[in-house]
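# Overview (structure and organization)
So the chains spell out like this:
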Amino acid sequence: MRAPGAAFVMKQSIREKLERLRLRLEEIDRLLAAPDAARDLDRFRNLGREHAEIAPVVGLYEALERAQAEQGAVRAMLADPEMRELAQGEMDRLREETEAIEGSIERALLPADPNDERGIFLEIRAGTGGEESALFAADLFRMYARYAERMRWQVEVVSHSASDLGGYREIIARIEGRGAYSKLKFESGVHRVQRVPATETQGRIHTSACTVAVLPEADEIGEVEIDPAAIRIDTFRSSGAGGQHINKTDSAVRITHLPTGIVVECQDDRSQHRNKAQALAVLAARIKDRCMRELADKTAATRKSLVGSGDRSERIRTYNFAQGRVTDHRINLTLYKLGAILDGELDELVRALTAEHQAGQLAALSESGT
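Residues numbered from 1 in each chain as written. Predicted model: local features only at pLDDT ≥ 70, side-chain atom pairs only at ≥ 80, totals over all residues. Heavy atoms only, no water.

### A word on the overall build of the chain
For clarity, the cut-off: Runs of E in the DSSP output that reach at least two residues are strands. Runs of H or I that reach at least four are helices, and both are numbered from the N terminus. For each residue, the accessible area found with a 1.4 Å probe, counting protein chains only, is set against the maximum for its type, and the residue is called buried under 20%, exposed over 50%, and partly exposed in between. Any two residues having at least one pair of non-hydrogen atoms within 4.5 Å are treated as being in contact.
Within the chain, the regular secondary structure consists of nine helices and eleven strands. Out of the 370 residues in the chain, the part that is buried amounts to 40%. For the chain, the share of sequence-separated contacts (at least 6 apart) that also reach a separation of at least 24 residues comes to 62%.

Structure representation (structure tokens):
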């Protein structure tokens, strides 16, 4: 993002884009005002949505033009010795107002992520470190669950595999809430922990790791089509807790997507039908995520996101218990508030990661002028 107080120079290509948006808004106004505008309801609704998207941007552009025109008038007053002090104060106010409008225009022109408002599937898997890694996976799940609680989102465990000491070898959860993907989409990658494990008798610090994947939910209808002939469904008895009933019936479900080799297991519910539905939802999200990453790989040669590629093998963050710090390696941010972060206070990290992402988007916008 532009540094506070830095001069804003709007590229001609961006100004031309704003002019095109203004002309398009005028055209939409005429179309919506036509006597037969509502005859085609689909077209009418589409025009209404486009109007709602464009109008705020055009409004900001016109506010910027007014502020710049006022600056021109005040600048002429600066030549008058008797008016200079008053004019300088007014000029300072207008500069602040202009900078605020310019920042709003910058953000308004950023390309929207169509998945931002969706819920997510959160997948956490223990990696290097054995039992300690599984315990850390439980810590990470609690961190995200507490953050979801603060955001008033709903968390539902879809599937989990517990370790002997109460951690998770793997846990998959659905998080439902407006904007869940926009807030947590930068969490995908390898999370590393440095601490003395509960199993360590000599007080030595060990390094363990977990892999986190954040997948936007696919629409229930139409977005990801799964050909029934392309999947194999196996049922088996649950190996998890749940009492005698769940262990005596083949309620657990394993779905294999043959074209991609993606395998999903769900066994947390007593109902085989429910487990199958959950597994299909996770499978759809993983297929959607694979398509998104393939598309991202195609554009990575042009510009890599400043907050990383989202690659599951990319080390993104270290949690150091001895020093009480959390370091995000993608943006070189270190916070000495480990306890608060593990308790779900992720806002500072989320804001910093979002700001870096927007900075990358703005750089690309300035380079392309589109």
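### Considering the sheet that holds strand 6 (residues 231-236)
Here is the rule we go by: A pair of strands counts as paired when DSSP detects no fewer than two bridges linking them. Orientation is described by lines fitted to C-alpha atoms, with helices fitted over the stretch in contact, and by angles between N-to-C directions that extend from 0 to 180 degrees.
Overall, antiparallel pairing links the three strands, which are arranged 6-7-8 in an open sheet. Edge strands, defined here as strands with exactly one partner in the open sheet, are strand 6 and strand 8 (262-266). Shown here is a sheet whose adjacent strand axes are inclined to one another by a mean of 15°, direction ignored. Pairing geometry for strand 7 (residues 252-257) and strand 8, over five bridges, is antiparallel. Its bridge partner lying in strand 8, T256 is registered against V263.

### Description of the nonpolar core
Here is the rule we go by: Throughout this description, the term nonpolar core refers to a set of buried Ala, Val, Leu, Ile, Met, Phe, Trp, Tyr and Cys residues connected via side-chain atoms within 4.5 Å.
By size, the foremost hydrophobic cluster in this structure holds 33 residues, and its most contacted members are L122, I124, L140, Y144 and Y319. Among the secondary structure elements, those contributing two or more residues to this core are strand 1 (120-126), helix 4 (131-150), strand 3 (168-176), helix 5 (180-184), strand 5 (206-216), helix 8 (338-342) and helix 9 (347-368). Considering each element in turn, this core owes the most residues, nine residues, to helix 4. With residues near it in sequence (within four places) discarded, L140 still touches I124, H191, C210, V212 and Y319.

### Some points on unusual backbone geometry
At R152, a residue that is not glycine, the phi angle is positive and equals roughly 65°. Considering the arrangement of structural elements, one finds R152 in the loop between helix 4 and strand 2 (154-162). Despite not being glycine, N332 shows a phi value in the positive range, around 55°. Here N332 shows up in the loop between strand 10 (325-328) and strand 11 (333-335).

### So, the pattern of salt bridges
Our working rule: The salt bridge definition used is simple: a Lys or Arg side-chain nitrogen within 4 Å of an Asp or Glu carboxyl oxygen.
Counted under the stated rule, the structure contains 33 salt bridges. Linking R22 and E19 is a salt bridge whose minimum nitrogen-to-oxygen distance equals 2.9 Å. One end of the pair, R22, and the other, E19, are both in helix 1 (residues 12-33), three residues apart, so they sit about a helical turn from each other. Look at R22 and you get buried, because its relative accessible area is 15%. Close ionic contact of D343 with R142 constitutes a salt bridge, the shortest N to O distance being 3.1 Å. Placement of D343 in the loop between helix 8 and helix 9 and of R142 in helix 4 is noted, with a sequence separation of 201 residues between them. For R142, a relative accessible area of 42% puts it in the partly exposed group. A cluster of three or more residues bridged by salt bridges with shared partners is formed by R142, R146, E149, R150, D343 and E345.

### Observations regarding helix 1
Our working rule: For a helix, the expected span equals 1.5 Å multiplied by the number of residues minus one. The directions considered for the arc are those from the helix axis to the C-beta atoms.
End to end, helix 1 covers 32 Å across 22 residues, agreeing with the expected 32 Å (1.5 Å per residue, within 8%). Of the positions making up helix 1, those classed as buried are I14, L18, L21, R22, L25 and I28. An end-on view of helix 1 places all buried positions within 125° of arc, on one side of the element. Looking at helix 1, the residues exposed on the side facing more than 90 degrees away from the buried face are Q12, R20, L23 and R30.

### A few points about the environment of H191
Structurally, H191 can be placed in strand 4 (residues 189-195). The exposure class assigned to H191 is buried, which follows from its relative accessible area of 0%. When the C-alpha atoms of H191 and E314 are compared, they prove to be 8.9 Å apart, with 123 residues separating the residues in sequence. Every residue in contact with H191, bar those within four places of it in the chain, is listed here: F136, L140, Y144, S208, A209, C210, V212, I316, R317 and Y319.

### Some words on helix 3 (residues 84-109)
End to end, helix 3 covers 36 Å across 26 residues, agreeing with the expected 38 Å (1.5 Å per residue, within 8%). Looking only at helix 3, the buried set comprises A87, M91, L94, T98, I101, E102, G103, I105, E106 and L109.

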